[in-house]
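Architecture and fold: a report
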Amino acid sequence: MEITYTTVKNELLALAQPERAILVARFFKTAPGQYGEGDQFLGLSMPKQHEIAKRFKALTLSETERLIRDPYHECRMVGLLIWVEQVKKAGPVQRTEIIERYLANRKYINNWDLVDVTCPHIVGQPLLQDDRSILYDLAHEDHLWSQRIAIVSTLALIRKGQFSDTFAIAEILLSHKHDLIHKAIGWMLREVGKRNIDALEEFLHDHVREMPRTTLRYAIERFDPTRRKYYLAL
């Protein structure tokens, strides 16, 4: 039987947990004026969404794109996770198409979990070999989720010991007003510190006084108490 958008969505609808969906909607800040305003949830757990994505990873790009444009958050997540599965084994042509479609649909990648779970694999991993200018283009956009994609995608580079783009994107975004960017920068800096504490401390030496406190706290979370106290006092 042919797998379609409707096949996958019906599977998700059948597994909906309405009571859990209410709690999840509150967690993802869907009230008026909040960053997730108006989003709709089915209440599925992340392990279940991963399981469904793996089961339907043969879904075509166009049908997956329909999932990513769905009103339900879990449909969008499963669609994105299908692309994560597909990009792992994609050749250059299909990988480029997935990246292009991912970026073309980023208005639907509109919460931090949708960004964080997927962009290091879909955007970041291919950049180990490719031109990285897209990260800078995204960082300069006046769009919260594009900017979060820019910094979180560098996680793939950090894992390979490449930190310069993380630091450069962080510098672009340090004056950002939203705490979701503050947290993302701090998280990526902490990931750098796990691998090279000297590189992190050099960045902190240059930027600690202009850094949002949330970013700093995230970045130094793994420092010993004395070192954390030193940076927090600056």
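Described below are features of the structure shown in this document. (Residues numbered from 1 in each chain as written. Predicted model: local features only at pLDDT ≥ 70, side-chain atom pairs only at ≥ 80, totals over all residues. Heavy atoms only, no water.)

**Some details on the overall build of the protein**
Scanning the protein from N- to C-terminus turns up 15 helices and zero strands. Taking 17 Å as the expected radius of gyration for a compact globule of 234 residues, we find that the protein reaches 19 Å, a close match to that expectation. Considering only C-alpha atoms, the protein reaches an extent of 60 × 40 × 30 Å along its principal axes. The buried share of the protein, reckoned over its 234 residues, is 51%. When the accessible surface of the protein is split by element, carbon and sulfur atoms take 50% of a total near 11600 Å². Here the protein contributes 33 positive and 31 negative side-chain charges, whose respective centroids are spaced 5 Å apart. (Helix = DSSP H or I, 4+ residues; strand = E, 2+ residues; numbered from the N terminus. Rg over C-alpha atoms; globule rule 2.2 N^0.38 Å. Buried < 20%, exposed > 50% of the residue type's maximum accessible area, 1.4 Å probe, protein only. Areas by Shrake-Rupley, 256 points an atom, 1.4 Å probe, with all protein chains shown as cover. Lys, Arg positive; Asp, Glu negative; His and termini not counted. Charge placed at Lys NZ, Arg CZ, Asp CG, Glu CD.)

**A few points about the environment of Trp187**
One can find Trp187 in helix α12 (residues 179-195). As for Trp187 and Phe167, which are separated by 20 residues in sequence, their C-alpha atoms are 12 Å apart.

**Remarks on the packing of helix α1 (residues 5-14) against helix α4 (residues 61-68)**
It is at 9 Å that the axes of α1 and α4 come closest, and there the two elements cross at 40 degrees. One way to sum up the angle between α1 and α4 is to call them oblique. Counting all contacts with α1, which are made through Tyr5, Val8 and Lys9, the residues of α4 involved are Glu63, Arg66 and Leu67. For the contact of α1 with α4, the per-class residue count stands at three nonpolar, no polar and three charged. (Axes fitted to C-alpha atoms, helices over the stretch in contact; angles between N-to-C directions. Parallel < 35°, antiparallel > 145°, perpendicular 65-115°, else oblique. Contact = heavy atoms within 4.5 Å. Nonpolar A, V, L, I, M, F, W, Y, C, P; charged D, E, K, R; others polar.)

**Comments concerning the side chain of Asp113**
Tracing the backbone through its elements, the reader meets Asp113 in helix α7 (residues 112-124). Despite being buried, Asp113 has no salt bridge partner; Arg76 is the closest side chain of opposite charge, sitting 7.3 Å away. Look past the residues within four positions of Asp113 in its chain and what remains in contact with it is Phe28, His73 and Met77. (Salt bridge = Lys/Arg side-chain N within 4 Å of Asp/Glu carboxyl O.)

**Some details on the pattern of salt bridges**
Enumeration over the complete set of coordinates arrives at 17 salt bridges. A single network of salt bridges, built from pairs that share partners, joins Glu65, Arg69, Glu97 and Arg101.

**Brief notes about helix α3 (residues 46-55)**
Each full turn of the α-helix corresponds to 3.6 residues, which orients residues three or four apart in the same direction. Every buried residue belonging to α3 is among Gln49, Ile52 and Ala53, and all of these are buried. Taken end-on, α3 shows its buried residues confined to a sector of 100 degrees, consistent with a single buried face. Where α3 is buried, its residues meet α1 and α5 (73-89). (Arc of directions from axis to C-beta.)

**Re the nonpolar core**
Formed by 70 residues in total, the largest nonpolar core has its most connected members in Tyr102, Ile122, Val123 and Ile151. If sequence neighbours within four positions are ignored, Val123 has contacts with Tyr102, Leu103, Leu135, Ile149 and Ser153. Counting residues in each nonpolar core, the second largest holds five residues, with Val24, Ala25, Phe28 and Phe41 among its members. (Core = buried A, V, L, I, M, F, W, Y, C linked by side-chain atoms within 4.5 Å.)

**Digging into the layout of surface pockets**
Put simply, the largest pocket is a space of about 220 Å³. What lines the largest pocket is simply Phe27, Lys29, Tyr35, Trp112, Arg148, Asp179, Leu180, Lys183, Ala184, Trp187 and Tyr218. At five residues, α12 tops the list of elements feeding residues into the lining of the largest pocket. Of the residues contributing to the lining of the largest pocket, the split by class is seven nonpolar, no polar and four charged. (1 Å grid on protein atoms, 1.4 Å probe; cavity = no way out; pocket = protein on both sides within 12 Å on 5 of 7 lines; lining within 4 Å. Points joined across faces, edges and corners; volume = space filled by probe spheres on them.)

**What about the side chain of Glu63?**
Topologically, Glu63 is positioned in helix α4. The contact partners of Glu63, leaving out residues within four places of it in the chain, are Thr4 and Tyr5.

**Thoughts on the packing of α4 against helix α6 (residues 92-104)**
Packing of α4 against α6 leaves a shortest axis separation of 11 Å and a crossing angle of 20 degrees. As far as their axial angle goes, α6 and α4 are roughly parallel. For the element pair α4 and α6, the recorded crossing hand is right-handed. From α4, Leu61, Ser62 and Glu65 reach across to α6, where they touch Gln94, Glu97, Ile98 and Arg101. The residue inventory of the contact of α4 with α6, partitioned by class, reads two nonpolar, two polar and three charged. (Left-handed = near helix turned anticlockwise from the far one by under 90°.)

**With respect to a negative patch on the surface**
Taken together, the side chains of Glu171, Asp198, Glu202, Asp206 and Glu210 present a region of like negative charge at the surface. In terms of residues, the negative patch owes the most to one element, helix α13 (residues 197-207), which gives three residues. With respect to the helices, strands and loops of the structure, Asp206 is situated in helix α13. (Patch = residues over 30% accessible without salt bridge, like charges linked within 9 Å, V, L, I, M, F, W, Y side chains within 5 Å.)

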